[in-house]
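Here is what each chain is made of, one letter per residue.
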Amino acid sequence: MKQKHYVRGRALRSRLLRKQAWKQKWRKKGECFGGGGATVTTKESCFLNEQFDHWAAQCPRPASEEDTDAVGPEPLVPSPQPVPEVPSLDPTVLPLYSLGPSGQLAETPAEVFQALEQLGHQAFRPGQERAVMRILSGISTLLVLPTGAGKSLCYQLPALLYSRRSPCLTLVVSPLLSLMDDQVSGLPPCLKAACIHSGMTRKQRESVLQKIRAAQVHVLMLTPEALVGAGGLPPAAQLPPVAFACIDEAHCLSQWSHNFRPCYLRVCKVLRERMGVHCFLGLTATATRRTASDVAQHLAVAEEPDLHGPAPVPTNLHLSVSMDRDTDQALLTLLQGKRFQNLDSIIIYCNRREDTERIAALLRTCLHAAWVPGSGGRAPKTTAEAYHAGMCSRERRRVQRAFMQGQLRVVVATVAFGMGLDRPDVRAVLHLGLPPSFESYVQAVGRAGRDGQPAHCHLFLQPQGEDLRELRRHVHADSTDFLAVKRLVQRVFPACTCTCTRPPSEQEGAVGGERPVPKYPPQEAEQLSHQAAPGPRRVCMGHERALPIQLTVQALDMPEEAIETLLCYLELHPHHWLELLATTYTHCRLNCPGGPAQLQALAHRCPPLAVCLAQQLPEDPGQGSSSVEFDMVKLVDSMGWELASVRRALCQLQWDHEPRTGVRRGTGVLVEFSELAFHLRSPGDLTAEEKDQICDFLYGRVQARERQALARLRRTFQAFHSVAFPSCGPCLEQQDEERSTRLKDLLGRYFEEEEGQEPGGMEDAQGPEPGQARLQDWEDQVRCDIRQFLSLRPEEKFSSRAVARIFHGIGSPCYPAQVYGQDRRFWRKYLHLSFHALVGLATEELLQVAR
Ligand SMILES: Nc1ncnc2c1ncn2[C@@H]1O[C@H](COP(=O)(O)OP(=O)(O)OP(=O)(O)O)[C@@H](O)[C@H]1O
């Protein structure tokens with residue numbers, strides 16, 4: 001029987017719960033991205049070769065010197081087993097075809113059409129031939145085509161032809177970790193493919209790498225994290241040359257896209273600098289003009305991207321929208337109406353995981369008896385199942401397989417379902433609630449009717465904009481306040497002693513930084529240069545620094561991704577304020593069982609240890625110690641060595657050779673690395689004005705992003721609202737073609753337009769937004785609640801944003817939902833009021849309390 005435990009003391013419990021929530025998140029991150037794990041120690045690995053999959057007794061052979069750095073996030077790719085013979089390879093892959101005298105593409109040769117047939121297709125679809133010929137001519141290309149238009153062929157065919165000419169590799173970077181294995185097995189048999197992602201064991205990864213080294217793989221699929229994060233790929237010299245790199249979902253590269261992923265920016269850098277990639281193919285189904293030109297810039301595509309391909313929503317899709325009071329009942333009515341009742345492959349998208357479970361159960365109960373199987377012949381056995389990222393991967397795979405095989409009629413899912421799904425005969429896609437953007441709507445409906453046959457899409461919009469409130473929460477969750485930005489800037493640019501040597505003439509402000517200035521869209525660069533005038537000529541050429549992730553996240557009350565995004569902005573700025581390096585473990589603890597004498601002796605054969613001890617001596621004069629703890633990155637910076645070399649030198653202290661036999665043996669020394677940290681290089685001689693400029697720039701960017709996201713939401717809501725029926729009644733029998741076309745036009749115009757021209761004011765400037773109440777009607781009550789909330793937790797130092805977040809039900813690292821969500825008096829209480837108005841009131845009340 002379970003025993004009940006009673007805990008006294010709210011403060012203690014909150015702290016414990018907070019810690020627990022944080023640990024859970026940390027562990028999950030570790031599973032997904034290879035980072036975020038607990039302290040990595042050599043204790044958990046084999047004593048002989050430091051691998052994690054066996055103990056010393058079963059060790060196949062002692063580690064080589066190169067293996068000794070197999071600790072921490074970077075060196076996850078040791079090569080413990082004999083490497084097969086690598087065929088002699090050309091270091092670079094030349095384009096297959098050369099351009100004409102005026103730079104035009106060659107006429108498509110017969111071998112390209114033969115390869116197309118070999119891949120199972122008779123003719124090219126629109127956009128494919130040009131993209132394929134550009135890649136085969138070595139020209140970087142951005143291809144924007146709707147979902148299901150056949151983008152994958154544009155890397156498959158060139159990969160096949162390049163590999164036919166000489167052994168080489170095509171890299172495909174894709175965020176679809178869950179589907180990667182399926183994607184690999186779905187490739188045509190003439191293309192040998194493999195994948196590397198963080199869900200693989202070290203052994204699996206090593207076996208893939210061996211095949212690659214032996215040039216047995218034509219296409220290598222990778223997640224961005226697997227490329228730039230933990231482990232990465234071995235040096236380019238150990239791999240076949242890369243013909244070209246394909247970036248799937250390339251819109252993630254743009255900071256203006258609905259789905260910016262900072263990690264993607266490092267992908268291009270790593271591919272260029274580490275893998276020597278010159279030719280890129282970017283693929284996306286959802287890029288506005290602004291996003292597309294930003295992505296093109298990153299991929300170094302010279303021309304303006306062509307957005308005049310097929311319309312974002314194919315003609316065979318029939319779109320409709322309704323605003324029903326009782327959405328659950330309306331959904332049941334719609335599915336039993338003439339238009340939907342015979343359709344036997346339906347996806348229903350919900351914004352919340354709980355809803356997927358609830359709706360699936362509702363459909364199982366209410367639809368099972370009423371359902372009339374379609375004429376397709378395959379009658380699904382199950383009516384409805386839920387699918388979301390919170391389910392275990394086995395269960396998700398089971399649901400997906402059942403749907404793909406036609407055994408399941410309806411999948412009720414979050415957006416986690418359907419990415420990369422290639423079932424041609426999905427007959428309907430329904431949305432229960434407003435999608436977060438036009439992009440995600442287009443992507444979702446694009447899963448239907450890929451076979452060209454008619455398919456139906458319906459959206460249930462909540463009439464009072466209730467779903468808008470939920471979506472706005474996500475926007476505010478990503479935002480931050482000025483103080484947090486300032487704290488981050490202080491941590492990133494601490495003063496260094498290099499400034500002492502700056503000549504006085506230069507301190508006055510000779511113009512122009514010496515660091516290289518990255519290429520930037522002219523309009524953007526101009527805008528940025530107004531915000532950040534060129535600073536004085538740098539004396540300090542930059543220091544390597546480590547910002548421990550956990551500590552920084554807690555200190556700034558900002559999620560890791562938000563911090564990474566801000567760091568990316570600084571790297572992208574025309575002044576190139578910093579350089580982001582791969583995350584690393586920064587804290588090192590070295591323990592000598594032989595006591596201080598052994599430590600001193602080791603320092604004689606290990607320069608990093610000698611430097612470290614020398615740096616520590618003034619604090620600990622005369623006192624011998626058998627262990628030492630230090631910041632690796634600081635040490636590396638002071639020595640001017642490479643981080644990997646220092647780590648390797650330290651790890652080697654754990655081994656020496658038996659003097660007589662020369663056999664390797666353990667010294668008993670223990671080297672532990674911990675504290676995963678952002679790793680960067682930044683100058684330490686910034687003036688106070690420069691730091692202020694940087695803060696202004698970052699905060700301006702955060703605000704602009706928030707404004708842009710809110711404006712996008714508003715526009716999405718208004719577009720669907722403008723074509724919505726008051727109830728689903730008129731959509732039961734047949735679609736309304738006029739409204740469907742009107743919606744398609746609105747979507748087409750959105751992707752065609754230059755974005756960012758919208759009035760940028762926050763919601764309050766124009767009165768309450770849809771789904772919001774007027775602040776004046778609530779002000780007294782809100783003030784009263786804020787005061788009560790603050791008085792209940794006098795020990796906490798809330799910021800006004802933290803208070804507003806709690807009233808909107810937004811968790812943050814310091815104030816997680818698991819803790820604060822328990823107090824229902826405040827959590828989510830004012831979701832119907834403007835977030836910024838709440839911040840304003842909270843500021844006034846906090847000032848009042850402080851007086
Ligand atoms: N030239 C072609 N002729 C006929 N069918 C094709 C052609 N090119 C691709 N296809 C088919 O079109 C389907 C969709 O292709 P693919 O998965 O590459 O689309 P996509 O644009 O990548 O979609 P998504 O954006 O959803 O990933 C596949 O079944 C593929 O075999």
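Residues numbered from 1 in each chain as written. Predicted model: local features only at pLDDT ≥ 70, side-chain atom pairs only at ≥ 80, totals over all residues. Heavy atoms only, no water.

### A word on the domain arrangement of the protein
- Along its sequence, the protein is carved into domain 1 (110-307), domain 2 (317-369 + 379-472 + 711-752), domain 3 (494-499 + 532-615 + 624-685) and domain 4 (775-850).
- For domain 1 and domain 3, the distance between their C-alpha centres works out to 34 Å.
- Residue-level contacts link nine residues of domain 1 with 12 residues of domain 3.
- Of the roughly 840 Å² buried at the junction of domain 1 and domain 3 (both faces included), carbon and sulfur atoms supply 57%.
- Of all residues in domain 1, the largest losses of buried area upon contact with domain 3 belong to Pro262, Arg266 and Lys269, amounting jointly to 55% of the total for that side.
- Put simply, domain 1 and domain 3 have two salt bridges between them. (Domains from an automatic or database assignment. Contact = heavy atoms within 4.5 Å. Buried area = accessible area lost by both parts, 1.4 Å probe. Salt bridge = Lys/Arg side-chain N within 4 Å of Asp/Glu carboxyl O.)

### So, the packing of aromatic side chains
- Overall, the coordinates contain 18 aromatic pairs when judged by the stated rule.
- Here Tyr441 and Phe720 contribute two aromatic rings whose centre-to-centre distance is 4.8 Å and whose plane-to-plane angle is 65°, an arrangement assigned as edge-to-face. Here Phe720 lies in helix α24 (residues 688-722) and Tyr441 lies in helix α13 (residues 438-445), a separation of 279 residues in the sequence. The two residues Tyr441 and Phe720 agree in class, both being buried.
- Ring centres of Phe798 and Tyr820 lie 6.2 Å apart, and the angle between their planes is 85°; on these two criteria the pair is classed as edge-to-face. In this pair, Phe798 sits in the loop between α26 (779-792) and α27 (800-808) while Tyr820 sits in helix α28 (residues 817-820), placing the two residues 22 residues apart along the sequence. Both residues of the pair, Phe798 and Tyr820, belong to the buried class.
- The positively charged end of Arg423 is found above the aromatic ring belonging to Phe403, 4.9 Å away from the centroid.
- Taking the ring centre of Tyr569 as reference, the NZ or CZ of Arg701 above it sits at 4.9 Å. (Phe/Tyr/Trp six-rings, centres within 6.5 Å; stacked < 30°, edge-to-face > 60°. Helix = DSSP H or I, 4+ residues; strand = E, 2+ residues; numbered from the N terminus. Buried < 20%, exposed > 50% of the residue type's maximum accessible area, 1.4 Å probe, protein only. Lys NZ or Arg CZ within 6 Å of the ring centre and 35° of its normal.)

### Digging into the environment of Gln297
- When you line up the elements, Gln297 lands in helix α9 (residues 289-298).
- In this structure the C-alpha to C-alpha distance between Gln297 and Trp256, which are 41 residues apart in sequence, comes to 13 Å.

### Notes on the sheet that holds strand β5 (residues 219-222)
- Judged by pairing direction, the sheet is parallel, and its six strands sit side by side in the order β2-β7-β6-β3-β5-β4 without closing on themselves. The open sheet has two free edges, formed respectively by β2 (141-144) and β4 (193-196), since each of these has just one partner strand. Averaged over all adjacent pairs, the angle separating strand axes in this sheet is 20°, with direction ignored.
- Sheet topology note: the strand β3 (residues 169-173)/β5 ladder contains four bridges and is parallel. The partner of Val172 across the bridge, within β5, is Met221.
- Helix-sheet contacts for helix α6 (residues 202-213) involve β3, β4 and β5, and the interaxial angle to β4 is about 140°. (Pairing = 2+ DSSP bridges. Axes fitted to C-alpha atoms, helices over the stretch in contact; angles between N-to-C directions.)

### Comments concerning helix α11 (residues 353-367)
- Taking 1.5 Å per residue, 15 residues should reach 21 Å; α11 reaches 21 Å between its end C-alpha atoms and fits that length.
- Within α11, the full set of buried residues consists of Thr356, Ile359, Ala360, Leu363 and Leu367. Looking down the long axis of α11, one finds its buried residues gathered within 105° of arc, a one-sided arrangement. (Expected span 1.5 Å × (residues − 1). Arc of directions from axis to C-beta.)

### Section: the packing of helix α14 (residues 466-477) against α24
- Where α14 meets α24, the axes come as close as 10 Å, and the angle between the chain directions of the two elements is 165°. As the angle between them shows, α14 and α24 are arranged roughly antiparallel. Crossing of α14 against α24: the hand is right-handed. Listed contacts from α24 to Leu468, Leu471, Arg472, Val475 and His476 of α14 are Glu706, Ala709, Leu710, Leu713 and Phe717. (Parallel < 35°, antiparallel > 145°, perpendicular 65-115°, else oblique. Left-handed = near helix turned anticlockwise from the far one by under 90°.)

### Points about the pattern of salt bridges
- Overall, the coordinates contain 31 salt bridges when judged by the stated rule.
- Its salt-bridge partner being Arg783, residue Glu844 comes within 2.5 Å of it at the nearest N-O pair. Within this pair, whereas Glu844 is found in helix α29 (residues 835-850), its partner Arg783 is found in helix α26, the two being separated by 61 residues in sequence.
- The shortest N-O distance in the salt bridge between Arg793 and Asp823 comes to 4.0 Å. Of this pair, Arg793 sits in the loop between α26 and α27 while Asp823 sits in the loop between α28 and α29; the two residues are 30 residues apart in sequence, bridging distant segments of the chain.
- On the accessibility criterion, Asp823 (14% relative accessible area) is buried.
- One network of salt bridges, in which partners are shared, links Lys269, Glu544, Glu571, Glu579 and Arg681.

### Quick notes on the packing of helix α22 (residues 632-639) against helix α23 (residues 643-651)
- Contact geometry of α22 with α23 gives a least axis separation of 10 Å together with a crossing angle of 115°. One finds that α22 runs roughly perpendicular with respect to α23. Between α22 and α23 lies a crossing of right-handed hand. For the pair α22 and α23, the contacting residues are Met632, Val633, Leu635 and Val636 in the first and Leu643, Val646, Arg647 and Leu650 in the second.
- Grouping the constituent residues of the contact of α22 with α23 by class yields seven nonpolar, no polar and one charged. (Nonpolar A, V, L, I, M, F, W, Y, C, P; charged D, E, K, R; others polar.)

### Description of unusual backbone geometry
- Not every positive phi belongs to a glycine, and Ala300 is a case in point at roughly 60°.
- The residue Ala300 is located in the loop between α9 and β8 (317-322) in this model.
- Judged by relative accessible area, which is 45%, Ala300 ranks as partly exposed.
- One non-glycine residue with positive phi stands out, namely His576, at about 50°.
- The residue His576 is located in the loop between α19 (560-572) and β15 (579-591) in this model.
- For His576, a relative accessible area of 16% corresponds to the buried category.

### Observations concerning the nonpolar core
- With 102 residues, the main nonpolar core has Ile196, Leu220, Leu233, Leu271, Leu590, Leu609 and Leu650 as its most contacted residues.
- Among the elements that make up this core, the one with the highest residue count is α19 (eight residues).
- Shared between two domains, this core holds at least three residues of each, these being domain 1 (110-307) and domain 3 (494-499 + 532-615 + 624-685).
- The contact partners of Leu609, leaving out residues within four places of it in the chain, are Leu590, Leu599, Leu602, Ala603, Val628 and Leu653.
- Core analysis: the second largest hydrophobic core is formed by 44 residues, Phe417, Leu471, Val475 and Phe720 among them. (Core = buried A, V, L, I, M, F, W, Y, C linked by side-chain atoms within 4.5 Å.)

### Quick look at the confidence of the model for the protein
- Summary statistics for the protein give a mean pLDDT of 80 and a share of 79% for residues scoring 70 or more.
- Confidence scores differ between elements of the protein, with strand β1 (residues 40-41) showing the lowest mean pLDDT of 40 and strand β12 (residues 428-432) the highest of 96.
- Taken together, the stretch residues 501-534 has pLDDT below 50 and engages in 62 contacts with residues farther than four places along the chain or on a different chain.
- In the model, residues 757-765 has pLDDT below 50 throughout and makes 22 contacts with residues more than four positions away in sequence or in other chains. (pLDDT = per-residue confidence, 0-100.)

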